[in-house]
Structure formats: structure tokens, C-alpha cells
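What follows is the residue order along each chain.
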Amino acid sequence: MVKKVKEALVGKELRQTVRWGKPVEELTKEELENFPRLLGWRKVENFKTEYVELRCADGQLSRMDIPRAALVEVDGNLLSIYNPGIRELNESEKKVWDEWMEIENSDEYQKQLEYDCLTDGSSTYWKKKHFFENKGYLYLMQGSQKGLRRVQGKPEAEGKILLYDENIRGELFLQYEMRDAAV
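Summarised in this report is the structure supplied together with it.

What counts, and at which threshold
- Residues numbered from 1 in each chain as written.
- Predicted model: local features only at pLDDT ≥ 70, side-chain atom pairs only at ≥ 80, totals over all residues.
- Heavy atoms only, no water.
- Buried < 20%, exposed > 50% of the residue type's maximum accessible area, 1.4 Å probe, protein only.
- Helix = DSSP H or I, 4+ residues; strand = E, 2+ residues; numbered from the N terminus.
- Pairing = 2+ DSSP bridges.
- Axes fitted to C-alpha atoms, helices over the stretch in contact; angles between N-to-C directions.
- Parallel < 35°, antiparallel > 145°, perpendicular 65-115°, else oblique.
- Contact = heavy atoms within 4.5 Å.
- Nonpolar A, V, L, I, M, F, W, Y, C, P; charged D, E, K, R; others polar.
- Lys, Arg positive; Asp, Glu negative; His and termini not counted.
- Salt bridge = Lys/Arg side-chain N within 4 Å of Asp/Glu carboxyl O.
- Polar contact = N/O pair within 3.5 Å; in protein donor to acceptor, adjacent residues only side chain to side chain.

The next thing to look at is the pairing of strand E1 (residues 12-19). Within a regular strand, the side chains alternate between the two sheet faces. Within E1, six of the eight residues are buried, which leaves it mostly tucked inside the rest of the structure. Both E1 and strand E10 (residues 162-180) contribute to a ladder of seven bridges, which runs antiparallel. Counterpart to Arg-15 in the pairing with E10 is Glu-177. As judged from the two bridges shared by E1 and strand E2 (residues 22-23), these two strands associate in the antiparallel manner. Within E2, the residue paired with Val-18 across the bridge is Pro-23. The turn linking E1 back onto E2 is made up of two residues, and Trp-20 within it adopts a positive phi angle of 55°.

Moving on: the packing of helix H4 (residues 107-119) against helix H5 (residues 123-135). For any two helices packed against each other, one specifies the inter-axial angle together with the distance between the axes. It is the contact of H4 with H5, at a shortest axis distance of 8 Å, that shows an interaxial angle of 130°. In this view, H4 runs oblique relative to H5, as classed from their interaxial angle. Packed against H4, whose contacting residues are Glu-108, Tyr-109, Gln-112, Leu-113 and Asp-116, the element H5 presents Ser-123, Thr-124 and Lys-127 at the interface. Its residues assigned to classes, the contact of H4 with H5 comprises two nonpolar, three polar and three charged.

Let us now look at the side chain of Arg-19. Secondary-structure assignment places Arg-19 in strand E1. Of the buried charged residues, Arg-19 lacks a salt bridge, with Glu-31 as the closest side chain of opposite charge at 8.3 Å. Residues contacting Arg-19, with those up to four places away along its chain left out, are Leu-27, Phe-35, Leu-38, Phe-173 and Leu-174.

In this section: the environment of Asp-58. As for its position among the elements, Asp-58 is in the loop between strand E4 (51-55) and strand E5 (61-65). With 60 residues separating them along the chain, Asp-58 and Leu-118 place their C-alpha atoms 59 Å apart. Within polar-contact distance, the side chain of Asp-58 engages the backbone nitrogen of Gln-60 at 2.9 Å.

Here you go:
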């Protein structure tokens, strides 16, 4: 866990003020019903490597995940957690992507792809996977690696290759007000 975050949370109580990027007051009734015990003040109880345990008013523990340091900000009595930012490919990623596109657009690969489709084969899938894996850029194809993953299904990704990058702050996801815990 980020040392400065842990230090800021020792002896504190937290109250969520923003969830999913929206002020709690603006959440719908249905959204609020899903987590009523998380709305009040919760006392910081235990610190784990990647999360903090909070004691709710009903006595149960809840968990607050703490992502990479780049996605967390402590400012006065506010703790903010951000989504990963979105960025375009850097030069080395573009080079690997362009190299793959040459392979994918080749007649040989297209013939194999057609054969795979007709026979329920998967040689082209494995060729692509091994290519990106061997280059150290598997996240350009699938999954997550080094805090990076492909952006898919978002309008801004239409016709582009974009990445979620955990080293860049994106939109605000969660925010908590902090106060000294009652003794």
C-alpha cells in the first residue's frame, strides 16, 4: 500500500462522498440500495497490502481497494481514487502493432485465417498471441500487463488502439471525506 495513504488514514474515519464518479447525492435510489451500510462514517481498522478494512456502523467490515500510487490522492481531508487514464500507443507500441498488422494483412496469414474459420482451427489466434507475448506487449492483444490494458467498447476507441494506463490519472472514481476517529 502507498505509504502516504496509510499515514493519512491512521486513526481516521471515512465517509464516501463520490461513487462511480458521481456525488453520492446524485445516485439513484437503486444505486443507493446496493450499498446502504457504506454511506455513513466508517472507521479505518486494518491495513493490507492492496486494501484497507473499514468498520461500518453495523459492526461489519468493508473493504476499500487502494490501487497504484498514481491513482490515489490525499488532499487535506479528502481521499480521492481515480480510474486509470486512457492514452494512445507510444512509439514502441506503435512499432510492434504495425509489425503485427503486416503479418495479419499478408496473403499467407489470410489464407490460414480462412482455413481456421472453415475448420474451427485456432492457429492464427496462437500465432497472434505468441507474437505479442514474445515481444512483451501481450496487453495490445488481450488482458492486462504492467498496469496496461486495451480500451474496448468505448466510442473514443472507435478506429483507434487506446490503452488504459494505471500510471495516468483518469476520471474520479471514488472520494472519501476523512475525520479523526472517535475514541
